[in-house]
Structures are given as C-alpha cells and as structure tokens.
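Architecture and fold: a report
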Amino acid sequence: MADILFYHLTESTLEEALPGLLERSVDRGWHVVVQTGTEERRDALDQHLWIFRDDSFLAHATDREAHPAEQPILLTTGDGNANAAQIRFLVDGAAPPELSGYERAVFLFDGHDTAQLEDARTHWKTLKNAGHAVTYWQQTPDRRWERKA
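Residues numbered from 1 in each chain as written. Predicted model: local features only at pLDDT ≥ 70, side-chain atom pairs only at ≥ 80, totals over all residues. Heavy atoms only, no water.

A word on the pattern of salt bridges
Counted according to the given criterion, the structure contains 11 salt bridges. For D43, the salt bridge goes to R42, with nearest N and O atoms at 2.9 Å. The class for D43 is partly exposed, based on a relative accessible area of 26%. Taking the relative accessible area as the measure of exposure, R42 reaches 4% and is therefore buried. What emerges from the salt-bridge pattern is a single network uniting R42, D43, D63 and R64. (Salt bridge = Lys/Arg side-chain N within 4 Å of Asp/Glu carboxyl O. Buried < 20%, exposed > 50% of the residue type's maximum accessible area, 1.4 Å probe, protein only.)

Here it is in structure tokens:
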C-alpha cells in the first residue's frame, strides 16, 4: 500500500509549493509523475518548471513528448505511469488512478478552492477506507508543512 499525503495549500500557490516538493523527490532518486486536472494546467506547469527559479530548473517533460519513460518528472493528465514513477502528485482536482503501485502519492489542494477541498475530503475517506496510510499536512504562516492528522 502506498503512503498517501494530503498537502493543504493555505499560504502559497501550487506553482510556489510544487517545485520544492519535486526537487526533494528527485533528490531521493525517485521518478515522479504529476497528474493535473486539465491540459491547460499541465502545459502551464511545464513552462513554470523551466523558469521557477533563476538558478535552477527541473528536468521534465509532458506526456505529449517523445520518450516519456526516460523522464525523471513526467507531467500528465492521464492515469498512466509511463516513467515508472515511485511517487505521484495529484493537483488541480485530478482524479487518482489505482495508487497501490506507488511508494507515495501526494494530493496538493488549494485551501481557498471549495471544489478542491471537497475532492480532497472525498479522496481521504476513500483511500483511508481502502487501507492506505493517509496523513494530512497543512501550511503554517511561514509556508512550512505541519502534520495535522
């Protein structure tokens, strides 16, 4: 069973929080898949990850490009795992696929978006009832993560 983490964004945007989480995942030697709710969000994140910081970028590709299996970070709207990722990030209301093949899955949701809050609650209940270890993390005012459940 995968460890499931719910990250409640209250102080920063997805674009501000996601790159650091992706860097830590890659530093662990993991391949990553980021599943978005829409093609527009996937494409916006694709552009953002190349320029999010002046002194760095995250090597990645989208599922539209050649050789997805070779990518350390793959952005997708689908439920596949073309790069054999160990961790899956679900953002922007993306519906999760079967998660038992992953070491970890991370739901990032906007605390100011009612639909994303409701989706997160539904996914929490479903995954907890399925036997996954689920934890809930909320941002503090200084944008650190604090475990709440």
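Brief notes about the sheet that holds strand β6 (residues 104–110)
Strand order in the open sheet formed by 8 strands is β3-β4-β2-β5-β6-β1-β7-β8, and the pairing between neighbours is mixed. Edge positions in the sheet fall to β3 (61–62) and β8 (145–147), since each of these pairs with one other strand and no more. Taken together, the 3 bridges between strand β7 (residues 133–139) and β8 define a ladder with antiparallel strand orientation. By the bridge assignment for β8, Q138 is matched with E146. In the packing of helix α2 (residues 39–51) onto the sheet, the strands contacted are β2 (32–35), β3, β4 (73–76) and β5 (87–91), and the crossing angle to β4 comes to about 150°. (Pairing = 2+ DSSP bridges. Helix = DSSP H or I, 4+ residues; strand = E, 2+ residues; numbered from the N terminus. Contact = heavy atoms within 4.5 Å. Axes fitted to C-alpha atoms, helices over the stretch in contact; angles between N-to-C directions.)

Notes on the nonpolar core
When a protein is soluble and globular, its nonpolar side chains tend to lie buried together. Within the largest apolar cluster, 21 residues are counted, with the highest numbers of intra-cluster contacts made by L18, L22, V34, F89 and L108. Those elements that provide at least two residues to this core are β1 (3–9), α1 (14–27), β2, α2, β4, β5 and β6. Core analysis: the next-biggest nonpolar cluster, separate from the first, contains 18 residues, L74, Y102, F109 and A120 among them. (Core = buried A, V, L, I, M, F, W, Y, C linked by side-chain atoms within 4.5 Å.)

Brief notes about a nonpolar patch on the surface
Taken together, the side chains of W50, I51 and F57 make up a nonpolar region of the molecular surface, amounting to roughly 350 Å² of accessible area. Position of I51 among the secondary structure elements: in helix α2. Using a relative accessible area of 63% as the deciding quantity, one classes I51 as exposed. (Patch = residues over 30% accessible without salt bridge, like charges linked within 9 Å, V, L, I, M, F, W, Y side chains within 5 Å. Areas by Shrake-Rupley, 256 points an atom, 1.4 Å probe, with all protein chains shown as cover.)

Digging into unusual backbone geometry
Of note, D92 is a non-glycine position whose phi angle comes to about 60°, a positive value. Relative to the helices and strands, D92 resides in the loop between β5 and β6. Even without a glycine there, the phi angle at R143 is positive, about 70°. By secondary structure assignment, the location of R143 is in the loop between β7 and β8.

What about the environment of L49?
With respect to the helices and strands, the residue L49 is situated in helix α2. The sequence separation of L49 and P19 amounts to 30 residues, and the corresponding C-alpha distance is 6.9 Å. When sequence neighbours within four positions are dropped, the list of residues in contact with L49 reads P19, L22, F57, L58, H60 and L75.

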